[in-house]
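Structural features, examined
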Amino acid sequence: MKKIAVAGAGARAHILVKPLATQFREEVELVGVYDQNPSRARLLAEECGHVPVYDSFDSMLLKSGTDLVLITTMDSTHDAFIIRALEAGLDVITEKPMTTDAVKCQSILDAEKRTGRNIKVAFNCRYMPYMMRVKELLDAGTIGDILSVDYNWYLDSNHGAQYFRRWHRHMSNSGGLLVHKSTHHFDLANWWLSDEPIDVSAFGERRYFGPTREERGFRCLNCSFANTCEFYFDITQHPFNNDYFYKSETDDGYIRDRCVFGDDIDIYDTMSVHVRYRKGTVLNYSLVAHSPYKNWTATFNGTKGRIEAGEYYTGDRADEPTQQIHLFNRKGEKVVYEARKATGSHGGSDDRIRKMFVQNEPVDPLGQRAGSWEGALSMLIGAAANISIQEQRKVTIQELLNPNAITNQR
């Protein structure tokens, strides 16, 4: 039986960890929970069957007898927890992104090499059946060598607003959406292409959220514009948020319903990124956090044809019973691949990724199990994009890392 300790008792831990205590209780024993907010740690521990709660991370590493540490803390703290676990002789699974900047990334890679331990990054998008089907078609060479990709993500304003009311609103915590959110998308691009990025150019602005209107307050709960603001969020009416965050505010001062138009917001809501890959593929990527409806599209242009893929999560097409992938070959023919929508959280991926935690030697024909190098490359595209925006220049991936790190990973 594999023993797992958890650092971080927020929303992602709630999704990932609770089923481990029930669905996989024959294979997994949860032996410890730590969070800087003790109230949240106690809540998660109780819901998972009264797991021991530790008042410090180091104490949990020392006393819990764990084999593996799962990191689901705030993004900017991942590096410290990962490195301490590795140095304690333990393997690590970390929530995405692996970290938030190149310096922290290098420290993680160095620690993994120094300790001989292993890191896995929980990229749940790799486990979504639709994403897997796209990967299969590309790997099969259906459109030949891939020359370019146009890849666009549109978060509806409801989803986008979540990042601007929570800790993600500060670049120092999350690396901005190009790290926190786009690490999913950049990892998928890297995985789909079976390739590595070499340089990045980007633009980013705050156009919709942040201090763009006069009617704004500090937090939703006591805001004088609550009756007129379309983004009003009553934290007390959401059981999870009420219990895990509102009732726990006195422990650490974290407020989860901050105004999405606050002066202190410094992350972008409108972004465009250009990535060049080692094999020559060019990726044109965009992310907006304020669309009327939520969807994504990806067009792969190859030497033998073109694949068009995408999903609709809200809006008129969200209720369609199947998902489609369209393939156009050079003969003018069109082939449509259909797949029934998967059920379960995050497109059916969360159950699949939990199996990664408990299977020792799983068959992995699509290369879904991501390690530290995959975690580094996806995050570094976002980190390079942030630098490109700030310094108005092209940024190479190689300049962000010690060249030895790149050589050792290939």
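None of the values given here were measured: they were computed from a predicted structure.

1. Structural notes on the overall build of the chain
Helix and strand counts for the chain stand at 15 helices and 15 strands. Taking 2.2 N^0.38 as the reference for a compact globule, 410 residues should give roughly 22 Å; the C-alpha atoms of the chain span a radius of gyration of 21 Å, in line with that estimate. Expressed along its principal axes, the backbone C-alpha trace of the chain runs to roughly 65 × 55 × 45 Å. The 410 residues of the chain split such that 55% are buried. In the chain, once contacts between residues fewer than 6 apart in sequence are set aside, the share between residues at least 24 apart is 73%. Accessible surface, the chain: about 17,800 Å² in total, of which carbon and sulfur atoms supply 47%.

2. Considerations on the environment of Q106
With respect to the helices and strands, the residue Q106 is situated in helix 5 (residues 102–115). Sequence separation between Q106 and D79 is 27 residues; the distance between their C-alpha atoms is 9.7 Å. In this structure the side chain of Q106 is engaged in a polar contact, spanning 2.7 Å, whose partner is the backbone nitrogen of N402.

3. Examining the nonpolar core
In terms of nonpolar packing, the biggest core is built from 95 residues, with F57, Y151 and W192 touching the most fellow members. Tallying contributions element by element places helix 14 (residues 372–391) first for this core, with ten residues. Y151 has contacts with H185, L188, A189, W192, L283, N284, Y285, S286, W296, T297 and A298, leaving out every residue within four places of it along the chain. Judged by nonpolar contacts, the second largest core, of 33 residues, contains I4, L16, F24 and Y127.

4. Looking at the environment of L90
Secondary-structure assignment places L90 in the loop between helix 4 (78–87) and strand 4 (91–95). When the C-alpha positions of L90 and T66 are compared, they lie 8.0 Å apart, and in sequence the two are 24 residues distant. Look past the residues within four positions of L90 in its chain and what remains in contact with it is L61, T66, D67, L68, V69, A85 and R117.

5. Regarding the sheet that holds strand 5 (residues 119–122)
With mixed pairing, the six strands of this open sheet are ordered in space as 2-1-3-4-5-14. If you trace the sheet from one side to the other, it starts and ends with strand 2 (28–34) and strand 14 (370–371), each paired once. The sheet contact formed by strand 4 and strand 5 spans four bridges and is parallel. The partner of E95 across the bridge, within strand 5, is A122. In this fold helix 4 packs onto strand 1 (2–7), strand 2, strand 3 (68–71), strand 4 and strand 5, with an angle of close to 165° to the strand it touches most, strand 4.

6. What to know about the UniProt feature "domain: Gfo/Idh/MocA-like oxidoreductase N-terminal" (unreviewed entry) in the chain
Within this numbering scheme, the UniProt entry marks residues 3–122 as carrying the feature "domain: Gfo/Idh/MocA-like oxidoreductase N-terminal" (unreviewed entry). Structurally, residues 3–122 is divided into 44% helix and 21% strand, and its ends, taken at the C-alpha atoms, are 18 Å apart.

7. Quick word on the side chain of R12
Tracing the sequence through the fold places R12 in helix 1 (residues 11–22). On the accessibility criterion, R12 (15% relative accessible area) is buried. At 2.5 Å, the side chain of R12 forms a polar contact with the side chain of E95.

Definitions and cut-offs
- Residues numbered from 1 in each chain as written.
- Predicted model: local features only at pLDDT ≥ 70, side-chain atom pairs only at ≥ 80, totals over all residues.
- Heavy atoms only, no water.
- Helix = DSSP H or I, 4+ residues; strand = E, 2+ residues; numbered from the N terminus.
- Rg over C-alpha atoms; globule rule 2.2 N^0.38 Å.
- Buried < 20%, exposed > 50% of the residue type's maximum accessible area, 1.4 Å probe, protein only.
- Contact = heavy atoms within 4.5 Å.
- Areas by Shrake-Rupley, 256 points an atom, 1.4 Å probe, with all protein chains shown as cover.
- Polar contact = N/O pair within 3.5 Å; in protein donor to acceptor, adjacent residues only side chain to side chain.
- Core = buried A, V, L, I, M, F, W, Y, C linked by side-chain atoms within 4.5 Å.
- Pairing = 2+ DSSP bridges.
- Axes fitted to C-alpha atoms, helices over the stretch in contact; angles between N-to-C directions.
- UniProt positions renumbered as here; feature names shortened; annotations may be inferred.

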